[in-house]
Amino acid sequence: MLFLLASPLSRTLSVIISMFFFQWPLRIFLKWLGYKWIIGEEELIIKSGFLIKKEECRIPFHEIHNFALDQRPIGTILNYGSVLLSTSTKMGDVWLHHVPKPRNFIAEIYRKLSYS
């Protein structure tokens, strides 16, 4: 009942605020849903796309020279982050965003680099 009595300006503001707080996490989730990182025996496979446009990229482990982790405070709490891979491929540096358990991901790549 209170919502019906509110002014048009306050209703507009409430719609804008709710769109921001509900669509932003949804956008991140859909973006995350569209990416897969598969650590194979000899290469890292990056699959991207959702429903319509799908792409696949392969980076051999011997082409990865360095990696770094970028984890913001909210990422530390929710255990996700961005991983930077420095490669000697034509792609150059590759950012993987919203990686779940990024420290485990980096440790697994490091293990693969040790064996190759």
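Anyway, here's the lowdown on the structure attached to this text. Remember, predicted model here, so these are calculated numbers, not experimental data.

1. What to know about the overall build of the protein
So, step 1. A count of helices and strands for the protein gives four helices and six strands.
So, step 2. Taken from the N to the C terminus, the helices and strands of the protein come in the order α-α-β-β-β-β-α-β-β-α.
So, step 3. Restricting the contact set of the protein to residue pairs at least 6 apart, pairs at least 24 apart contribute 32%.
So, step 4. As presented, the protein carries roughly 8,900 Å² of accessible surface, and 64% of it is formed by carbon and sulfur atoms.

2. Describing the side chain of threonine 87
So, step 1. Tracing the sequence through the fold places threonine 87 in strand S5 (residues 80-87).
So, step 2. Among the polar contacts made by the side chain of threonine 87, one reaches the side chain of threonine 89 at a distance of 2.9 Å.
So, step 3. Looking at threonine 87, its side chain comes within polar contact range of the main-chain oxygen of glycine 92, at 2.5 Å.
So, step 4. Not counting residues up to four positions away in its chain, the partners in contact with threonine 87 are Ile59, Glu63, Ile64, His65, Gly92 and Asp93.

3. Overview of the packing of aromatic side chains
So, step 1. Applying the stated criterion across every chain yields a total of one aromatic pair.
So, step 2. With centroids separated by 6.4 Å and ring planes inclined at 80 degrees, the aromatic side chains of phenylalanine 67 and tyrosine 110 adopt a geometry described as edge-to-face. Here phenylalanine 67 is found in strand S4 (residues 64-70), whereas its partner tyrosine 110 is found in helix H4 (residues 102-115), with 43 residues between them in sequence.
So, step 3. Assessed through its relative accessible area of 52%, tyrosine 110 is described here as exposed.

4. Some details on the sheet that holds S5
So, step 1. Within the open sheet, the three strands sit side by side as S4-S5-S6. Their pairing is antiparallel. Pairing within the sheet leaves two strands with one partner each, and these edge strands are S4 and strand S6 (93-100). Strand-to-strand twist of the sheet, defined as the mean angle between neighbouring strand axes without regard to direction, takes the value 20 degrees.

5. Observations regarding the pairing of strand S1 (residues 35-39)
So, step 1. Direction of pairing for S1 relative to strand S2 (residues 43-50): antiparallel, over a ladder of five bridges. The residue bridging tyrosine 35 from the neighbouring strand is serine 48, located in S2.
So, step 2. Where S1 folds back on S2, the antiparallel hairpin that results is connected by three residues.

6. Here's the deal with the pattern of salt bridges
So, step 1. Counted under the stated rule, the structure contains six salt bridges.
So, step 2. Notably, a salt bridge pairs lysine 112 with glutamate 41, separated by 3.8 Å at the nearest N-O pair. Highlighted residues: lysine 112 in helix H4 and glutamate 41 in the loop between S1 and S2, separated in sequence by 71 residues.
So, step 3. Residue classification places lysine 112 among the buried residues on the basis of a relative accessible area of 15%.
So, step 4. Note on glutamate 41: relative accessible area 69%, which makes it exposed.

Conventions and cut-offs
- Residues numbered from 1 in each chain as written.
- Predicted model: local features only at pLDDT ≥ 70, side-chain atom pairs only at ≥ 80, totals over all residues.
- Heavy atoms only, no water.
- Helix = DSSP H or I, 4+ residues; strand = E, 2+ residues; numbered from the N terminus.
- Contact = heavy atoms within 4.5 Å.
- Areas by Shrake-Rupley, 256 points an atom, 1.4 Å probe, with all protein chains shown as cover.
- Polar contact = N/O pair within 3.5 Å; in protein donor to acceptor, adjacent residues only side chain to side chain.
- Phe/Tyr/Trp six-rings, centres within 6.5 Å; stacked < 30°, edge-to-face > 60°.
- Buried < 20%, exposed > 50% of the residue type's maximum accessible area, 1.4 Å probe, protein only.
- Pairing = 2+ DSSP bridges.
- Axes fitted to C-alpha atoms, helices over the stretch in contact; angles between N-to-C directions.
- Salt bridge = Lys/Arg side-chain N within 4 Å of Asp/Glu carboxyl O.

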